[in-house]
Amino acid sequence: MKQPIFPLKLLILISLIFLLYNPIFSQEELKKEVRVVKPYEASISDAYKLNIMPKIVDTLEVLPEFEYKLKSYPLKINYNVEPIHAAKLIGEPLKKLYNSYFKLGFGNYLTSLVDIYYDSKYAKKYSYQTNFKHFSSSGRIKNEKGRKIFSGFRENTLDLSGKRFLKDKTLSGIIDYKNNSYFLYGYNPEKTYFVYPPSIKKNMDKQQINDIVGKIRLESNYLDSLNANYDLSLAYGYMQDINKISEQNIDLNVKINYFFDNEFTGIDSRIETYNKSIANSSVVNNPKIDNQLPFVNTLVKFNPWIGAFGPKWQIKAGVNTYYELEDTKYHFYPHLSIHYNVIDYFFIPYFEYQGKIEINSFKKMLFENPYFLFPVNVKSTEYNKIISGGVRGNFSSNMSFNFRVNYSDIKNMYFYVNDTVHYSENLFTVEYDDLNLVNFVGEISYKQGERLNFLIKGNYNYYDLDSLPYAWHKPNYKISFNTRYNIKNKILVDFNVFAISKRYVKIYKPIEKAGTLNGIVDVNLGLEYRYSKKLSAFLKLNNIGAIKYQQWNYYPTERFNFMAGITYSL
């Protein structure tokens, strides 16, 4: 049944009339006052966006499928080859060579020097050289008793050498001749019957040495690793002294090495034989020569080795084998060498271990000490072990260093002592002993092009002997400083100084005891003025401090001495 609308409308109309009528009649007085709290500011409310993005989820996955059919066709390229001419290297112009050199000098103590050198000029297939040198002195030196004695000597040398350059090899040869004389002026001043020893040249004894060596050598120069490199040499030597004591020497060396990618291997082998004889034994009145001549000794060396290297390291290991005819025994020594480059060529520590045998020939000892009396029972020196360790490198591009410590276990090391059988005691024989030797070596060098360079070197030895009280004639330390300064390629200054510690010598009378030779500080200066590229003048000042010292017992050396001269090139 439908509800009537009228009562509802009527009710709404009555309510509106009541609301309008009530304020009109309830307000008695109209107030015309308007209060403004603050200026009206229009603002718009912030809009808030929906952060939900619509997402369509497709449950159907369709994988595309492709099918290719490739058909190859030859690519035709037409081009013309144009020949390229070989590049030519333009080298630096060759410096002009002066193939001859002449040096002449004179000084006090009646010292003279002649040095002549001749060399071939540039050649692709050969080169040859010859050199003659004469150096002598005819001065007089005061002995320990203040008596002047003739102390002259003479050294003459003639060298002839040449090379033939083959495709991958070099063939070379050399002939070397020496004729030296030394007057035996080192008399024992304590000899009671030698108050006035011979002092005039014609009354004095001397030692004269004639030595000739011929050598031929063939060495390969392969630059790739497909071929083994080799170095072959054969030498023959003959030496004779004033007493007709002679020594013949044959020396054969064979060295072969082969390089792989990072490895290398090789063999160092050598056969050296010495044959000593005497033609007139009555000249030397010394019972020590009985039943010792002729004397033959041969040493065979065979040292195979293998090595490897990397960017910063290198190692080499092998074995040193020796067979000595004198004792008919084989000797084996390990050989190990390790070098590691910690900082590229600036800091390189290294370690080495090896052993070896050395033949002490008459020639070796006589050139070391020209007052040596032979023959004596010369023994070979055996190094049972040599242990070395150190570090080398560079402080900068101009300065380098090397510091090393060596330890050696040595058997039959020889030491020079005055020979008491000879009445004047001015000749030397040797005493042998076993020892442990510790050696410290330090070197610092500097080179600034051709302008300035110097070398400082120190050497200290500690001898632990088995039976001898001292290492006769051996210094404990030696320090040297050498430098050269080039002033605008016109003036060359050479300065060197060396210091040697005191040395012990064996004294026999009045009782057998140890004597000492004073330490040495020797200062030397050399000056050269180059007037032109061909002509120059020089001055040498030796032992500027005029220090009095002896190199060998009873043999004082020249004190302050000088030499002046000229050089000329053609």
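Predicted model, so just to flag it, every value in this text is computed and none were measured. (Residues numbered from 1 in each chain as written. Predicted model: local features only at pLDDT ≥ 70, side-chain atom pairs only at ≥ 80, totals over all residues. Heavy atoms only, no water.)

### So, the overall build of the protein chain
What counts, and what does not: Helix and strand definitions here come from DSSP, where helices need a minimum of 4 consecutive H or I residues and strands a minimum of 2 consecutive E residues; each element is numbered from the N-terminal end. Any residue under 20% of the maximum accessible area for its type is buried, any over 50% is exposed, and the rest in between are partly exposed; the area is computed with a 1.4 Å probe on protein chains only. Here a residue-residue contact requires only that any non-hydrogen atoms of the pair lie within 4.5 Å. The accessible surface values rely on the Shrake-Rupley method and a 1.4 Å probe; as for residues, cover is taken only from the protein chains in view.
In terms of helices and strands, the protein chain carries two helices and 28 strands. When burial is assessed residue by residue, the protein chain has 33% of its 570 residues classed as buried. Taking contacts inside the protein chain between residues at least 6 apart in sequence as the whole, the part at least 24 apart equals 57%. Carbon and sulfur atoms provide 59% of the accessible area of the protein chain, an area that totals close to 38200 Å².

### Brief notes about the packing of aromatic side chains
As a reminder, the rule being used: The pairing test for Phe, Tyr and Trp rings, Trp by its six-membered ring, is centres within 6.5 Å, and the orientation test on the planes gives stacked under 30 degrees, edge-to-face over 60, and tilted for anything in between.
Going through the model one piece at a time under the given rule, you end up with 29 aromatic pairs. Measuring from ring centre to ring centre gives 5.4 Å for Tyr446 and Phe454, while their planes differ by 20 degrees; the resulting arrangement is stacked. Of the two residues, Tyr446 and Phe454, both sit in the buried class. Three or more aromatic residues joined by ring pairs make a cluster, and in this case those are Tyr182, Tyr185, Phe362, Tyr371, Phe372, Tyr414, Tyr416, Phe428, Trp552 and Tyr555.

### Some words on the nonpolar core
Let me state the cut-off plainly: Buried Ala, Val, Leu, Ile, Met, Phe, Trp, Tyr and Cys residues form a nonpolar core when they are joined through side-chain atoms within 4.5 Å.
Residues Tyr371 and Tyr416 are the most contacted members of the largest nonpolar core, which totals 27 residues. When sequence neighbours within four positions are dropped, the list of residues in contact with Tyr371 reads Tyr182, Phe183, Leu184, Tyr185, Asn426, Leu427, Phe428, Trp552 and Tyr555. Ranked by size, the runner-up nonpolar core spans 15 residues in total, among them Ile386, Phe415, Leu465 and Trp472.

### Notes on the pattern of salt bridges
Pairing of side chains with opposite charge becomes possible as their charged atoms draw close. Here is the rule: When a carboxyl oxygen of Asp or Glu lies within 4 Å of a side-chain nitrogen of Lys or Arg, that pair is called a salt bridge.
Taken as a whole and judged by the stated rule, the model has 14 salt bridges. Among the salt bridges present, the one from Arg484 reaches Asp494, with a minimum N-O distance of 2.7 Å. Separated by ten residues along the polypeptide, Arg484 in strand S20 (residues 477-487) and Asp494 in strand S21 (residues 491-500) bring together distant segments of the chain. What makes Asp494 partly exposed here is its relative accessible area of 26%. Between Glu512 and Lys506 there is a salt bridge; the shortest N-O distance is 3.4 Å. When its relative accessible area of 12% is taken as the criterion, Lys506 is described as buried. What you see here is one network of salt bridges that share partners, running through Arg217, Glu219 and Asp231.

### Topic: the layout of surface pockets
Here is the rule: We place a 1 Å grid over just the protein atoms. Points where a 1.4 Å probe fits but has no way out form a cavity, open points with protein on both sides within 12 Å along at least 5 of 7 lines form a pocket, and any residue with an atom within 4 Å of a point lines it. Grid points are joined across faces, edges and corners, and a volume is the space filled by probe spheres set on the points. Three classes are used, and their members are as follows: Ala, Val, Leu, Ile, Met, Phe, Trp, Tyr, Cys and Pro are nonpolar, Asp, Glu, Lys and Arg are charged, and the others, Gly among them, are polar.
The calculated volume of the second largest pocket comes to roughly 730 Å³. Lining the second largest pocket are 27 residues, and of these Glu528, Arg530, Ser532, Lys533 and Ser569 lie nearest its centre. Sort the elements by how many residues they give to the lining of the second largest pocket and strand S25 (residues 535-542) lands first, with five residues. Within the lining of the second largest pocket, the residues separate by chemical class into nine nonpolar, seven polar and eleven charged.

### Some details on the side chain of Asp115
Our working rule: For this analysis, a polar contact is any N or O atom pair within 3.5 Å, provided that within protein one partner can donate a hydrogen and the other can accept it, and provided that sequence-adjacent residues contribute only side-chain to side-chain pairs.
By secondary structure assignment, the location of Asp115 is in strand S2 (residues 111-119). Polar contacts involving the side chain of Asp115 include one to the side chain of Asn131, which spans 3.0 Å.

### What to know about empty space enclosed by the protein
Summed over the entire model, instances satisfying the criterion amount to two cavities of 30 Å³ or more. By volume, the largest cavity is sized at about 50 Å³. Lining the largest cavity, in full, are Asn143, Glu144, Tyr185, Gly186, Tyr187, Pro189, Tyr554 and Pro556. For the lining of the largest cavity, the per-class residue count stands at five nonpolar, two polar and one charged. Empty space within the second largest cavity amounts to approximately 40 Å³. Along its surface, the second largest cavity is lined by Lys276, Phe295, Asn297, Ile359, Asn360, Val378 and Ser380. Partitioning the lining of the second largest cavity into residue classes produces three nonpolar, three polar and one charged.

### Here's the deal with the environment of Gly545
Considering the arrangement of structural elements, one finds Gly545 in the loop between S25 and strand S26 (550-552). As a C-alpha pair, Gly545 and Asn524 span 21 residues in sequence and 8.9 Å in three-dimensional space.

### A word on the confidence of the model for the protein chain
Cut-off, in case you're wondering: A score between 0 and 100, pLDDT records how confident the predictor is in each residue.
Put simply, the protein chain has an average pLDDT of 85, and 83% of its residues get 70 or more. Segment residues 23-28 is flagged for pLDDT under 50; beyond a separation of four residues in sequence, or across chains, it makes zero contacts in the model. Counting interchain partners and residues more than four positions distant, the pLDDT-below-50 stretch residues 287-292 has eleven contacts.

### Re the pairing of S20
Look at any regular strand and the pattern is simple: side chains alternate between the two faces of the sheet. Defined as follows: DSSP-based pairing: two strands are paired if at least 2 bridges between them are found.
Of the pairings in the sheet, the one linking strand S19 (residues 452-465) to S20 comprises nine bridges and is antiparallel in character. Bridge assignment links Asn459 to a residue of S20, and that residue is Lys478. Bridge analysis of S20 against S21 gives ten bridges, and the strand direction is antiparallel. Following the sheet pairing, Ile487 is matched in S21 by Ile491. Counting the residues that bridge the hairpin from S20 to S21 gives three residues, and of these Lys488 lies at a positive phi of roughly 55 degrees.

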